[in-house]
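Here are the chains, one letter per residue:
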Amino acid sequence: MKQIKTLMTENDIPRAWYNIQADLPVPLPPPLHPGTLKPIGPSDLAPLFPEALIAQEVSRERFIVIPEEVRDTYRLWRPTPLHRARRLEQALGTPARIYYKNESTSPSGSHKANTAVAQAYYNKMAGVRRLVTETGAGQWGSALALACKLFGLECAVFMVKVSFNQKPYRRLLMETFGSTVHASPSDQTASGRAILRSDPACTGSLGIAISEAVEMAAGSEDTKYSLGSVLNHVLLHQTVIGLEARQQFERLGEYPDILIGCVGGGSNFSGFVFPFMPERLNGSKQTRMIAVEPSACPTLTRGTYSYDFGDSVGLTPLIKMYTLGNKFMPAPIHAGGLRYHGAAPLLCLLRHEGLIEAVAVAQTKVFEAAILFAQSEGIIPAPESAHAIRVAVDEAIRCRETGEKKVIAFALSGHGHFDLAAYEAHLAGRLEDQDFNDAEAEQALISLPKTDAA
Ligand SMILES: *Cc1c(COP(=O)(O)O)cnc(C)c1O
């Protein structure tokens, strides 16, 4: 793809993001208004997002220029390294060559900073004073907290109360970067107060935290909302991962046969693989792209491709995606970032078209791979990222059996320095596999909204 090459500069940070909406094999089903069930327009999103991000959400331009201020901020940690995992290859005795794109080197420790910085910039340009968001375990909250500080915005984060109490270090990271963190449900919003009145001991959920953040943003002129995955513009910003990787592979004289990433909402996986999609679409390469999810929350492998709400309260637009049902409550596995009932519509469409494979893996197997990776490469991966490692290891073992010298590459979405309690549980033999139960799944699908379009 010649155009992509010319977009790279001498310091290797892409000059433009790659927008896969220009190259989709079939049109993307539009989001629907939760009340009217008609396609929503840009004005429906205006209370929540600045114009520039809404424009990116619906843009069909193949390349969208990265503002110089954003590229300059990316320089804090980008380009991220593409490592060859030679010691892992040796440990596995595989003829395959294993590479990983290391997004754990960002200031907040994951890929989420790539979109946090862009979102903070566009909000600042639009005259916004404060961003508000929700966070589960705290990866997204800490990325946005730093981005807001760097661009001179205030930041308020609604953190699910159970994590707020159990995971003080991510909260302290957000506070150190200058954000205000509220345990959700909180007394800051009407929805939080209503929940606390009926259930004072409520430990919260991501659905409740989203409701609180959206309410605060919609209710104040100078405040906007920010989301860390799923939306088209978030996936767009994450394409810096794959654009850099393309160039790094080219310098090495390699081209990946298999690309692997973990999927929660789908942003790190999509950001990694989408820039390789043009060759896959025009048939010049047969690259396999494998999305990995937890067997306890198997959205892409066991979900239904249907319109559903993005949250569990039913406030968001309906989006066409693979979903386990918005009322589905995944088991409390340690990869908190992968416990989402749906996934990004762009990723789901490509999965539906058969361009992307999906695999579900069990958490004990994931941690075995995480330990092997840590002991051979010296990086303790986030439990989320370890899902990708598991499948990279499985593919490398397959190569050992067949003798194939495949090039396998995965996205290391983040480090696990704040997830050591999960490692403790694994090392003590206390981790269990949470099986997905079909009866439960059917129950959750009853909550799917009925639309003509679905
Ligand atoms: C949030 C998170 C994920 C899952 O989110 P995606 O949008 O699917 O990328 C994966 N890995 C890490 C380290 C995360 O923080």
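What this report covers is the structure whose coordinates are included nearby. (Residues numbered from 1 in each chain as written. Predicted model: local features only at pLDDT ≥ 70, side-chain atom pairs only at ≥ 80, totals over all residues. Heavy atoms only, no water.)

## So, helix 6 (residues 113–125)
Taking 1.5 Å per residue as the helical rise, helix 6 with its 13 residues ought to reach 18 Å, and the 18 Å between its terminal C-alpha atoms agrees with that figure. Counting buried positions over the 13 residues of helix 6 gives 11, a clear majority of the element. Taken together, the buried positions of helix 6 are occupied by A113, N114, T115, A116, V117, A118, Q119, A120, Y121, Y122 and N123. Remark: G127 follows helix 6 within two positions and exhibits a positive phi of approximately 85 degrees. (Helix = DSSP H or I, 4+ residues; strand = E, 2+ residues; numbered from the N terminus. Expected span 1.5 Å × (residues − 1). Buried < 20%, exposed > 50% of the residue type's maximum accessible area, 1.4 Å probe, protein only.)

## Some words on the pattern of salt bridges
Per the stated rule, a full pass over the model turns up 21 salt bridges. Between D72 and R75 there is a salt bridge, and its shortest N-O distance comes to 2.8 Å. On the basis of relative accessible area, D72 is assigned to the partly exposed category, the value being 46%. The class of R75 is partly exposed, set by a relative accessible area of 36%. Three or more residues are tied together by salt bridges with common partners; here these are E68, R71, D72 and R75. (Salt bridge = Lys/Arg side-chain N within 4 Å of Asp/Glu carboxyl O.)

## Concerning the site of the ligand
The local shell around the ligand holds 18 residues, among which K112, S229, G264, S267 and S413 are the closest. Here an oxygen atom of the ligand sits 2.5 Å away from a polar atom, N or O, in the side chain of S229. One nitrogen or oxygen atom from the main chain of G266 is found 2.8 Å from an oxygen atom belonging to the ligand. Starting from 380 Å² of accessible surface for the ligand in isolation, the protein chains cover 97%. (Near = heavy atom within 4 Å. Polar contact = N/O pair within 3.5 Å; in protein donor to acceptor, adjacent residues only side chain to side chain. Areas by Shrake-Rupley, 256 points an atom, 1.4 Å probe, with all protein chains shown as cover.)

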